[in-house]
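Residue-level structure breakdown
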Amino acid sequence: MKLLKSKLKALTVAAAVSASAVSGVAQADMMKRSFCVWDPVGANGPLFNVMKSAKPSALKWGIDLELKAYTDEKIAAEDFKAGQCDSVLLTGTRVREFNKFTGSLEAIGAIPSEEEMKMVLQTLNQPKAASLMKSGNYEVAGILPAGAIYLYTRDRTIDTVEKLQGKKVATLDYDKASMTMVRHVGASVVGASTANFAGKFNNGSVDIAYAPAVAYTPLELYKGLGENGGVFDFKLAQMNFQILIQSDRFPEGYGQKVRDYTADRYGEAYKIVETAEAEIKETYWVRPKPADLEGYTSMLREVRIALRDEGVYDAKALRLMRKVRCKKNPSNAECAEKRE
Amino acid sequence: MKNFGVMKGLLKKGVLVSIVSLQLVGCQTFKDKVVYAPAGDVMQMLAKEHTVPYMLGTEDVAVSCAMSEALSPLLMAFGRVTTAPEQLGVMLGLSAGACEEQRAWEHELRYMRALREQRPDEAEDSLISQKRHLVGAAKRQYGAYQNLVSYYGEPGGEECPDLDAEFDQFIWIAGMLSGLQALNNEIQSTSGIGVPKNIASKVERGASCLDDNQWWGVPMAMKAAVWSMLPGAEPKGEDAWQRLETAQAKGEEARVRLPNVLYAMAAYTNGKNDLVKDIIRRHADQVKKHPANPEFALIDKTATIQLLALSDRLWTENTGHRTPVGGLGTFWDDKRESNVEVLELDDLL
């Protein structure tokens, strides 16, 4: 009996020691890494909360993510650049300075519909595409669609590009592509940020603003549209959010795991976009004349090519998006010309 | 005796009328109109004139929450036979939503502990449970807001509704708070359940319909909280934080310290955790020193519970457990101060 007791005691001690050893290993293996999330609303905002949901999954991959909310996207990008954030969530356009390829996915007029956007995302989610996701020590660990960007005008009679001449457009001044585009159509640039463009549009200090549908209800863009305004039913670009990581701060393969995790959330993201687009009053939509569409498409293509030549857009990204467009519409003239 | 004869005659006529009515309108309609509808009107009056004021004077938030969950179907069902009790619907939805919110908090704390202990499956499961309850809370709170809209019209329109009676003003505040909470909980749940995303802007405007001084600084606190959270919402020349501080003082003066919750939420959303701690410290201190306004004790207690939830979140994140008993207003990293002299032990060792 005594022997049994002492054996049991020994076993208990052994079990306790091994349990603590195991948990010790787990503790030691776990990497604490920061994740700076840009969300215009802050820690109670939608983007921050979606990202927070990734914490248990990251834990399974050996990463203890510490989330920090940023309401100013510029500061989030700067902190990431300065190494104060191990990973960050930004809009595609902001990502351009870290990865020109993925940062060009928001290129003007490059992805005409959701269908093509889905094709681009799935293509880039393949492990084979990993090299395109890397640029120096930066790696894009996930892209989330945020829907098409539309043009909001206070005067719905502006229904052609020609009528944009001289009109004031709230323009994100850190985005060279937008500045070029606005100037190209003869409109005048009024510098704006994500925090103040809606105010400028709603109080009439600009005639035109551009934004994804998800901004329509929360920022009350219908106030600026009023009785006479309209939303031009032409997808100017496909907005997206991207997760960037400093590769050397994460284990090998982490980027692909996060990309797979993000890909599983495309459905949820599109549902949000769909709901937001349905909230825009039917009467606001201004349908472009079918005869004009081709002209717009080719004008945007010329601007894209010019921006590529200036070094703003990445040539490979433009080529990928051209291929995707041609997959859907092989008879397009651009498919034979292959200028992108 | 003569009177008796008259009464008999009247009764006879009454029965005759009833029989005729029954044949004319059918049994169910008769019951609805003659039995249930007056009962519903009485219930509504009772709730408005006595139950709500009585509950507001109590401190037991859990009882109020349980009552709202249990009685909602009974009271709201009267809307089938008489005027829909929309004003009560606002109160019931707000209060029943709070029950779900509290359940969500429990799962959130479980989620945090699981993360600390590096148990991802437990963390994931807790997060799912938390979100389910947040969806439940958001639905009830949005229901409350819809009742408000149905009765008074949408907040934030060109004109304010008729809010002459104090009761109307109170319902207006409750409905708008419900709207804000519905939106917040929907966002936290990362699910789309159809809460309109412009509620915040509408509430911001609708709050102007109330006298800020009469309502303990809550209307301005609502406005300023929205300014601090919604990009570009702050008007030129305004300072949301200054306004929230003023609202805090008004709440303290009235001993209905609800503005503190809005202040703390705004601070937390903006990552100002030191400010959150200060607000909680000050609230705990005020509650100890100055008992709640007896007329609105439930509101003051609700504010304390909301701040306790925020404090629990901070404590759990940093220590693995919630705020210690009686510890609201204290934090794990507080410096221990003592005025008691300590004796030298050297000669005893």
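This is a predicted model, so every value here is computed, not measured.

1. Quick look at the overall build of chain A
Across its full length, chain A carries 15 helices and ten strands. Its C-alpha atoms give chain A principal-axis dimensions of about 95 × 45 × 35 Å. Looking at chain A residue by residue over its 340 residues, the buried ones come to 44%. Considering only intrachain contacts with a sequence separation of at least 6, the fraction spanning at least 24 residues in chain A is 73%.

2. Notes on the overall build of chain B
Helix and strand counts for chain B come out as twelve helices and zero strands. Each helix (α) and strand (β) of chain B, taken in turn from the N terminus, gives the series α-α-α-α-α-α-α-α-α-α-α-α. Along the longest, intermediate and shortest principal axes, the C-alpha atoms of chain B span 105 × 55 × 45 Å. In chain B, buried positions account for 45% of the 349 residues. For chain B, contacts bridging at least 24 residues in sequence account for 68% of all contacts bridging at least 6.

3. Notes on the nonpolar core
Among the nonpolar cores identified, the biggest contains 181 residues, and V37(A), Y152(A), L244(A), A221(B), M222(B), A225(B) and A264(B) are the most heavily contacted of them. Counting residues per element, this core draws most heavily on helix α4 (residues 86-116) of chain B, which supplies 15 residues. Ignoring sequence-local partners within four residues, the contact set of A221(B) consists of L244(B), A247(B), P259(B), L262(B) and Y263(B).

4. Details of the interface of chain B and chain A
With 22 residues of chain B at the interface, the matching set in chain A holds 29 residues. Residue assignment for the side of chain B that touches chain A shows that the elements contributing at least two residues are α5 (120-152), α6 (166-189) and α10 (259-269) of chain B. Looking at the side of chain B that touches chain A residue by residue, the classes come out as nine nonpolar, eleven polar and two charged.

5. Some remarks on the pairing of strand β6 (residues 168-172) of chain A
Residues and elements named next belong to chain A. For β6, the tally of buried residues reaches four of five residues, placing the bulk of the element in the interior. Bridging between β6 and strand β8 (residues 208-212) involves two bridges; their strand directions are parallel. Paired with A170 across the bridge in β8 is A209.

6. Overview of the environment of Q242(B)
With respect to the element layout, Q242(B) can be found in helix α9 (residues 240-254). The sequence separation of Q242(B) and Q118(B) amounts to 124 residues, and the corresponding C-alpha distance is 40 Å.

7. Re helix α7 (residues 199-206) of chain B
With seven of eight residues buried, α7(B) lies mostly within the body of the structure. Residues of α7(B) that are buried: I199(B), A200(B), S201(B), K202(B), V203(B), E204(B) and G206(B).

8. What about the packing of α5(B) against α6(B)?
For any two helices packed against each other, the geometry comes down to the angle between their axes and how far apart the axes lie. All names here are of chain B. As a packed pair, α5 and α6 sit with axes 7 Å apart at the nearest point and diverge in direction by 145 degrees. At the point where α5 passes α6, the crossing takes the left-handed sense. Facing α5, whose interface residues are K131, L134, V135, A137, A138, Q141, Y142, A144, Y145, L148 and Y152, α6 presents I171, W172, G175, S178, G179, Q181, A182, N185, E186, Q188 and S189. For the contact of α5 with α6, a count of residues per class yields twelve nonpolar, eight polar and two charged.

9. Quick notes on unusual backbone geometry
The phi torsion at E220(A) lies on the positive side, around 55 degrees, for a residue other than glycine. As for its placement among the helices and strands, E220(A) is situated in the loop between β8 and α10 (221-225). Backbone geometry at T190(B) places phi at a positive 50 degrees, although glycine is not the residue there. Tracing the chain through its elements places T190(B) in the loop between α6 and α7.

10. A word on helix α4 (residues 73-81) of chain A
Residue and element names in this part refer to chain A. Among the residues of α4, E73, A76, A77 and F80 are the ones counted as buried. Angularly, the buried residues of α4 cover 95 degrees about the axis, an arc narrow enough to put them on a single face. Tucked into the core, α4 has its buried residues touching β1 (31-38), β2 (63-70), β3 (87-91), α5 (92-95) and β9 (230-246). Once α4 finishes, G83 follows within two positions and takes phi at roughly 80 degrees, a positive value.

11. A word on the packing of α9(B) against α10(B)
All names here are of chain B. Across the interface, α9 lies against α10 with an axial gap of 8 Å and an inter-helix angle of 155 degrees. Taken together, α9 and α10 sit at an angle that is classed as roughly antiparallel. α10 is crossed by α9, and the crossing has left-handed handedness. Between α9, through A240, L244, A247, Q248, K250 and G251, and α10, the contact on the second element is made entirely by P259, N260, L262, Y263 and A266. Taken together, the residues that form the contact of α9 with α10 break down as seven nonpolar, three polar and one charged.

12. A word on the pairing of β3(A)
All names here are of chain A. Where burial is concerned, most of β3 is hidden: five out of the five residues are buried. Of the two faces of β3, the one carrying S87, L89 and T91 and the one carrying V88 and L90 are both buried. Pairing of β1 with β3, which is carried by three bridges, proceeds in the parallel orientation. Each residue of the ladder has a partner; that of C36, found in β3, is V88. Both β3 and β9 contribute to a ladder of five bridges, which runs antiparallel. The residue of β9 that forms the bridge with V88 is L244.

13. Considering the confidence of the model for chain A
Here chain A averages 91 in pLDDT, while 92% of its residues score no lower than 70. Segment residues 11-26 of chain A: pLDDT under 50, and one contact once partners within four positions in sequence are set aside and those in other chains are kept.

14. Observations regarding the confidence of the model for chain B
Per-residue pLDDT for chain B has a mean of 92; in total, 93% of the residues score no lower than 70. Among the scores for the predicted complex, ipTM is 0.84 and pTM is 0.87.

15. As for the environment of A144(B)
All names here are of chain B. Among the secondary structure elements, A144 is positioned in helix α5. Expressed as a C-alpha distance, the spacing of A144 and G89, which sit 55 residues apart in the sequence, is 5.8 Å. If we ignore the near neighbours within four places in the chain, the residues touching A144 are G89, V90, G93, L94, G97, G175 and S178.

16. Some points on the environment of A200(B)
Residues and elements named next belong to chain B. Tracing the sequence through the fold places A200 in helix α7. Separated by 75 residues in sequence, A200 and L275 place their C-alpha atoms 23 Å apart. The residues touching A200, leaving out its near neighbours within four places in the chain, are L180, L183, V226 and L230.

Rules used in this analysis
- Residues numbered from 1 in each chain as written.
- Chains lettered and ligands numbered in written order.
- Predicted model: local features only at pLDDT ≥ 70, side-chain atom pairs only at ≥ 80, totals over all residues.
- Helix = DSSP H or I, 4+ residues; strand = E, 2+ residues; numbered from the N terminus.
- Buried ≥ 20, exposed ≤ 12 C-beta atoms within 10 Å, placed from the backbone.
- Contact = placed C-beta atoms within 7 Å.
- Core = buried A, V, L, I, M, F, W, Y, C linked by C-beta atoms within 7 Å.
- Nonpolar A, V, L, I, M, F, W, Y, C, P; charged D, E, K, R; others polar.
- Pairing = 2+ DSSP bridges.
- Axes fitted to C-alpha atoms, helices over the stretch in contact; angles between N-to-C directions.
- Left-handed = near helix turned anticlockwise from the far one by under 90°.
- Arc of directions from axis to C-beta.
- Parallel < 35°, antiparallel > 145°, perpendicular 65-115°, else oblique.
- pLDDT = per-residue confidence, 0-100.

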